[in-house]
Amino acid sequence: QVQLVESGGGLVQPGGSLRLFCAASGSISKIYAMGWYRQAPGKQREWVAVFDSAGNTRYADSVKGRFTISRDNANNTYLHLNNSKPEDTAVYFCNLVTPRGGYWGQGTQVTVSS
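Now for a description of the structure that goes with this document. Remember, it's a predicted structure, so these values are computed and weren't measured experimentally.

### What about the pairing of strand 7 (residues 67-71)?
Argument step 1. As paired strands, strand 7 and strand 8 (residues 77-81) are joined by five bridges and run antiparallel to one another. When the sheet's bridge partners are listed, arginine 71 is paired in strand 8 with threonine 77.
Argument step 2. Taking the residues that link successive antiparallel strands as the turn, the strand 7-strand 8 hairpin has five residues, and the phi of asparagine 75 there is positive, at about 70°.

Rendered as structure tokens:
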């Protein structure tokens, strides 16, 4: 079973930066895509960024130019939040899509507040 664990969340001032980390483990034969989602209180889960198997990255308009997604050779995923805004406050989830389905981590809380 594939397991994902997010970390790196916390409290940050508006304009500040955080780097989120997603550790992947388990039986991963092939990855179609690795990405990040977020869910704010009272709102639906929102797609944020993706890193696909071809090496392409893509971002939601709300974070484009501020967030950066990356990955390493161990299939871990990172999300660098730069110039954060109060509307970035949410629980952030990493996601892997494989031939056997999609997998989610437990989420890490990011709070942007002055």
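### Overview of the nonpolar core
Argument step 1. If you look at the biggest cluster of nonpolar residues, it comprises 28 residues, and the most contacted ones within it are Leu4, Trp36, Leu79 and Tyr92.
Argument step 2. If you list the elements that add at least two residues to this core, you get strand 3 (18-25), strand 4 (33-39), strand 5 (46-52), strand 7, strand 8, strand 9 (90-98) and strand 11 (108-112).

### Comments concerning the sheet that holds strand 8
Argument step 1. Taken in spatial order, the four strands of this open sheet run 1-3-8-7, and their pairing is antiparallel. Sheet topology places strand 1 (3-7) and strand 7 at the edges, where each strand pairs with a single neighbour. Each neighbouring strand pair of the sheet contributes to a mean axis angle of 15°, computed without reference to strand direction.
Argument step 2. Looking at chain direction, strand 1 and strand 3 are connected through five bridges and run antiparallel. Within strand 3, the position partnered with valine 5 by the bridge is alanine 23.

Rules and cut-offs
Residues numbered from 1 in each chain as written. Predicted model: local features only at pLDDT ≥ 70, side-chain atom pairs only at ≥ 80, totals over all residues. Heavy atoms only, no water. Pairing = 2+ DSSP bridges. Helix = DSSP H or I, 4+ residues; strand = E, 2+ residues; numbered from the N terminus. Core = buried A, V, L, I, M, F, W, Y, C linked by side-chain atoms within 4.5 Å. Buried < 20%, exposed > 50% of the residue type's maximum accessible area, 1.4 Å probe, protein only. Axes fitted to C-alpha atoms, helices over the stretch in contact; angles between N-to-C directions.

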